[in-house]
Amino acid sequence: MSETSAGLHRPQEFESVLSGSETSVANFEPERRTALQHAQQFLHSSPAAVPLIVLVASLVIFGAIIGGRFFSAFSMTLILQQVAIVGIVGAAQTLVILTAGIDLSVGAIMVLSSVVMGQFTFRYGLPPALSVLCGFAVGALCGYINGVLVSVMKLPPFIVTLGTWQIFLATNFLYSANETIRSQEIGAQAPLLQFFGETFKIGNAVFTYGVIAMVLLVALLWYVLNHTAWGRHLHAIGDDPEAAKLSGVRVRPMLVTVYVLSGLICALAGWCLIGRIGSVSPTAGQFANIESITAVVIGGISLFGGRGSILGMLFGALIVGVFSLGLRLIGTDPQWTYLLIGALIILAVAIDQWIRKVAA
Amino acid sequence: MSQILHETGVKPLLSARGLVKRYGRVTALDHADFDLYPGEILAVIGDNGAGKSSLIKAISGATIPDEGEIRLGDQVVNFKSPMEARDAGIETVYQNLALSPALSIADNMFLGREIRKPGVLGQWFRMLDRSAMERQARAKLTELGLMTIQNIGQAVETLSGGQRQGVAVARAAAFGSRVVIMDEPTAALGVKESRRVLELIQDVKKRGLPIVLISHNMPHVFEVADRIHIHRLGRRLCVVDPKQISMSDAVALMTGATQPPTDALAA
Ligand SMILES: Nc1ncnc2c1ncn2[C@@H]1O[C@H](COP(=O)(O)OP(=O)(O)OP(=O)(O)O)[C@@H](O)[C@H]1O
Ligand SMILES: [Mg+2]
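An unreviewed UniProt entry annotates chain B as Sugar ABC transporter ATP-binding protein of Tianweitania populi.

If you look chain A up in an unreviewed UniProt entry, it shows as ABC transporter permease from Tianweitania populi. Per its UniProt entry, chain A bears the Subcellular location (unreviewed entry) comment "Cell membrane".

Draft legend 1. Structural view of the pattern of salt bridges. In this structure the tally under the stated criterion is 17 salt bridges over all chains. One salt bridge in this structure joins R196(B) and E199(B), with 2.4 Å as the shortest N-O distance. Of this pair, R196(B) and E199(B) are both found in helix 7 (residues 191-206), 3 residues apart, which corresponds to roughly one turn of the helix. Three or more residues are tied together by salt bridges with common partners; here these are R232(A), D107(B) and R130(B).

Draft legend 2. Main features of the site of ligand 1. All names here are of chain B. The environment of ligand 1 is made up of 14 residues, and the closest members are N48, G49, K52, S53 and S54. Within the backbone of G49, one N or O atom sits 2.8 Å away from an oxygen atom of ligand 1. A distance of 2.9 Å is found between an oxygen atom of ligand 1 and a backbone nitrogen or oxygen belonging to G51. In isolation ligand 1 has 630 Å² of accessible area, and contact with the protein removes 62% of it. When residues of the shell around ligand 1 are traced back to their parent elements, those giving at least two are strand 2 (26-36) and helix 1 (52-59). No other element matches the 3 residues that helix 1 contributes to the shell around ligand 1.

Draft legend 3. How the structure looks around the nonpolar core. One finds I88(A), M110(A) and M313(A) to be the most contacted residues of the largest nonpolar core, which totals 92 residues. Examining the composition of this core, we find that 14 residues originate from one element, helix 11 (residues 251-277) of chain A, more than from any other. If you look at the next biggest cluster of nonpolar residues, it comprises 33 residues, including I105(B), M182(B), V197(B) and I211(B).

Draft legend 4. Focus on the domain arrangement of chain B. Residue and element names in this part refer to chain B. Here chain B is described as being made up of domain 1 (14-101 + 161-265) and domain 2 (103-154). Domain 1 and domain 2 are separated by 28 Å when their C-alpha centres are compared. In this complex, domain 1 contributes 17 residues to the contact, which on the side of domain 2 involves 14 residues. Looking only at domain 1, the three residues that lose the most surface to domain 2 are S100, V167 and F175, adding up to 34% of its buried area. The interface formed by domain 1 and domain 2 holds 1 salt bridge in total. In this structure, E91 and R113 form a salt bridge, with 2.8 Å as the shortest nitrogen-oxygen distance. At the junction of domain 1 with domain 2, the criterion picks out 7 residue pairs in polar contact (both at pLDDT 80 or more).

Draft legend 5. The arrangement of the coordination of the magnesium ion (ligand 2) in detail. All names here are of chain B. Around the magnesium ion (ligand 2), the protein supplies S53 (OG) and Q95 (OE1) as donor atoms, at distances of 1.9 to 2.1 Å. With S53 in helix 1 and Q95 in the loop between strand 6 (90-93) and helix 3 (105-109), the pair connects residues that are 42 residues apart, well separated along the chain. Residue Q95 is classed as partly exposed on the basis of its relative accessible area of 42%.

Draft legend 6. The sheet that holds strand 5 (residues 75-77) of chain B, seen in detail. All names here are of chain B. Judged by pairing direction, the sheet is antiparallel, and its 4 strands sit side by side in the order 2-1-4-5 without closing on themselves. In the strand order of this sheet, the two ends are held by strand 2 and strand 5, each with one partner. Looking at each pair of strands side by side, their axes are set apart by 30° on average, direction ignored. In the sheet, strand 4 (residues 67-72) pairs with strand 5 via 3 bridges, with the strands oriented antiparallel. Counterpart to R71 in the pairing with strand 5 is V76. Each of strand 1 (14-23), strand 2 and strand 4 touches helix 1; the most contacted strand, strand 2, lies at about 65° to it.

Draft legend 7. Structural view of the pairing of strand 7 (residues 179-183) of chain B. Residues and elements named next belong to chain B. Summarising burial for strand 7: 5 of the 5 residues are buried, a large majority. Judged by which residues are buried, strand 7 turns out to be covered on both faces: V179, I181 and D183 on one side and V180 and M182 on the other are all buried. Bridge analysis of strand 7 against strand 8 (residues 211-214) gives 4 bridges, and the strand direction is parallel. Bridge pairing links D183 to I214 in strand 8. The parallel pair strand 7 and strand 8 is bridged by helix 7, and the resulting crossover is right-handed.

Draft legend 8. Looking closely at the sheet that holds strand 7 of chain B. Residue and element names in this part refer to chain B. Spatially, the 6 strands line up as an open sheet ordered 6-7-8-3-9-10, and their pairing is mixed. The sheet is open, and its two edges are formed by strand 6 and strand 10 (235-240), each paired on a single side. Taken over all neighbouring pairs, the strand axes of this sheet differ in orientation by 20° on average, direction set aside. Judged from the 5 bridges that link them, strand 9 (residues 227-232) and strand 10 form a sheet pairing that is antiparallel. For I228, the partnering residue across the bridge sits in strand 10 and is V240. Relative to the sheet, helix 6 (residues 161-175) contacts strand 6 and strand 7, its axis offset from that of strand 6 by approximately 170°.

Draft legend 9. Examining the packing of helix 4 (residues 106-122) of chain A against helix 11 of chain A more closely. All names here are of chain A. Running from N to C, helix 4 and helix 11 cross one another at 60°; their axes reach a closest spacing of 7 Å. Judged by the angle between their axes, helix 4 and helix 11 are oblique. At the point where helix 4 passes helix 11, the crossing takes the right-handed sense. Where helix 4 abuts helix 11, its residues V106, I109, M110, S113, S114 and M117 lie against S262, G263, C266, A267, A269, G270, W271, L273 and I274.

How each quantity is defined
Per chain, the residues get numbers from 1 upward, laid out in the order the sequence is written. Labels are handed out in written order, letters beginning with A for the chains and numbers beginning with 1 for the ligands. In keeping with the model being predicted, local features are shown solely for residues with a pLDDT of at least 70 and side-chain atom pairs are shown and tallied solely at 80 or more, while totals for entire chains, interfaces and linings include all residues. As a rule here, side-chain values cover all heavy atoms of the structure and leave hydrogens and water aside. UniProt positions are given in the numbering used here, feature names are shortened, and annotations may be inferred rather than shown by experiment. Any carboxyl oxygen of Asp or Glu within 4 Å of a side-chain nitrogen of Lys or Arg constitutes a salt bridge here. What counts as a helix is a DSSP run of H or I of at least four residues, what counts as a strand is a run of E of at least two, and both are numbered from the N terminus. What makes a residue near a molecule or strand is one non-hydrogen atom of that residue sitting within 4 Å of it. Each polar contact in these results corresponds to two N or O atoms within 3.5 Å; when the atoms are within protein, one needs to be able to donate a hydrogen and the other to accept it, and residues that are neighboring in sequence are counted only if both atoms are side-chain atoms. To measure how exposed things are, a 1.4 Å probe is used in the Shrake-Rupley method; for residues, cover is taken only from the protein chains shown. What is meant by a nonpolar core is a set of buried Ala, Val, Leu, Ile, Met, Phe, Trp, Tyr and Cys residues, joined one to another through side-chain atoms within 4.5 Å. We call a residue buried when its accessible area falls under 20% of the maximum for its residue type, exposed when it is over 50%, and partly exposed in between, using a 1.4 Å probe and counting protein chains only. Here the bounds of each domain stem from an automatic or database domain assignment. Pairs of residues are marked as contacts when any of their non-hydrogen atoms sit within 4.5 Å. A 1.4 Å probe defines the accessible area here, and the buried area is the portion of it lost by two parts on being joined, summed over both. For Na, K and Ca the donor cutoff is 3.2 Å, while for all other metals N, O and S atoms count as donors only within 2.8 Å; water does not appear among the atoms, so some sites may look incomplete. Strand pairing requires that DSSP identify at least two bridges connecting the strands. As a rule, the C-alpha atoms of each element are fitted with a line to give its axis, helices using only the stretch in contact, and angles between N-to-C directions run from 0 to 180 degrees. Whether a crossover is right-handed depends on one test, that the path from the first strand over the helix to the second runs clockwise when the strands point away from the viewer. Working rule for angles: under 35 degrees goes down as roughly parallel, over 145 as roughly antiparallel, 65 to 115 as roughly perpendicular, anything else as oblique. For a crossing to be left-handed, the near helix must be turned anticlockwise from the far one by less than a right angle; the clockwise case is right-handed.

Set out below in structure tokens:
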């Protein structure tokens with residue numbers, strides 16, 4: 001290690017011409033782009049744009065066909081009320097899907113938590129507030145089980161949650177003995193359980209606390225995902241877990257946290273579910289998992305992880321809400337809703353694939 | 001062909017003894033030793049699959065060796081994650097670059113060491129200071145002369161392979177405080193860009209940091225290295241002085257065509 005080696009540090013023969021060449025390296029000057037490439041670039045950097053455009057377009061189209069009956073404060077807020085639960089469960093689903101996972105057990109966790117909230121109050125006589133806490137604890141526990149199986153046992157999320165979906169749902173039926181707690185009973189003895197179903201009016205607009213909860217939850221998660229290190233790490237994990245680990249992200253604990261958080265959010269959805277239907281029913285919310293995945297996919301969040309905005313999920317849920325109400329007001333067969341939503345799902349995934357090509 | 005002996009008293013900054021790493025029936029590291037001295041450029045060469053990447057992954061906390069001991073300075077270290085090695089000042093450019101494609105250049109450079117806004121926003125709301133990170137990322141990339149950035153907020157996946165490699169190299173060079181390790185940093189680079197990275201390696205050395213350079217490019221290795229660690233079949237075969245050995249002799253050792261003289265076996 002002597003300084004005499006300095007003489008050796010000479011560029012190689014063929015590199016001598018470099019002194020005459022341009023000195024800038026790896027320039028980022030963008031080449032000329034077509035309008036289509038510009039659009040692709042724009043959609044790549046603003047993932048919630050497509051669902052927002054579709055949402056606005058569907059509002060305009062249904063408004064033009066149906067008129068004032070659709071474009072009223074009442075109808076608009078009715079849509080919000082109808083999507084509140086899907087929106088909340090969809091928020092949980094968004095977190096999991098951003099990590100390149102999937103959670104098929106969200107609906108089961110939601111129902112199980114709501115049943116725990118109800119049964120703990122009415123079977124064991126716990127104060128409703130404590131029962132609600134127990135419901136959240138059960139949601140968190142379910143999420144923890146998913147999280148450990150996915151991140152520590154390294155099992156595929158689809159398989160894990162396919163299993164726990166059945167397990168949580170069966171637990172729900174076994175524990176509740178298939179018993180429904182009636183709305184009047186809850187209203188009389190434990191109104192706290194129906195809190196998120198309570199409404200207030202601003203003019204003709206009718207809001208439930210469930211709607212407020214959904215909006216606040218999505219806003220909070222949007223902030224966390226985009227403006228905190230935790231959110232960036234979540235995207236990095238979904239993007240490329242190996243790279244995330246090598247560049248200093250604690251992948252395993254993060255994944256467990258994400259599934260626990262998903263479970264907690266599902267418990268919140270379970271609480272809102274009681275408000276929405278009034279009663280505590282072990283058979284409610286059967287399709288929440290499929291509906292939440294639909295909202296996420298239509299919302300432009302990539303099932304491959306790492307890309308997409310939670311706002312897109314909210315727009316996705318609203319699109320479904322607008323279609324259902326719009327088509328109902330027109331008076332068509334409700335199957336048309338499913339048909340159109342099905343087409344939208346496929347379209348959304350096709351657009352996602354196209355946008356991802358910007359990388360190539 | 002002789003090895004380089006360090007004057008007594010100079011201790012290695014980073015060293016490893018008897019590292020073993022097995023993947024099922026494959027032994028990637030078979031009692032490998034390693035020594036990096038202060039302020040030097042150490043090249044590591046070896047055939048494909050010789051275990052070079054496995055060696056630096058063990059040293060940088062990316063994998064945990066089954067056996068063996070690693071020392072940083074006077075202390076025995078047991079890194080359980082790349083984060084811990086980074087906190088100890090060891091910065092690594094991995095062969096696969098370890099960048100998150102969908103995140104921006106700035107987000108990637110600061111992944112795992114984000115800057116938060118000052119005051120209540122950062123303290124309580126954990127808000128990232130995007131503009132500070134973008135400013136520093138741009139400053140670091142330009143200061144290193146590595147590239148002129150058009151849009152520091154653009155996703156890494158929209159960059160070419162060479163540009164990505166540039167970002168990874170710049171990240172390591174900018175944040176390394178004790179050791180910088182580069183696993184084939186010029187593999188995807190053009191002639192001009194490779195030259196910049198070689199200059200960058202010299203710059204880092206001038207800052208007093210030792211560098212580990214893994215490369216298959218013999219002219220580059222012989223140009224910049226102070227010592228060459230030859231890796232073969234999962235272990236260090238010998239360490240040679242590039243001023244006293246020819247490229248073809250080094251290649252002969254690396255491929256097993258010749259055996260090292262006994263005096264070169266220990267470094
Ligand atoms: N994660 C892993 N799982 C299984 N085997 C592995 C793994 N990583 C490395 N190996 C094996 O260990 C051996 C050494 O690999 P390593 O990547 O360290 O070689 P290398 O010297 O870096 O090669 P190259 O020059 O091609 O980069 C190879 O036989 C490889 O197949
Ligand atoms: Mg390698």
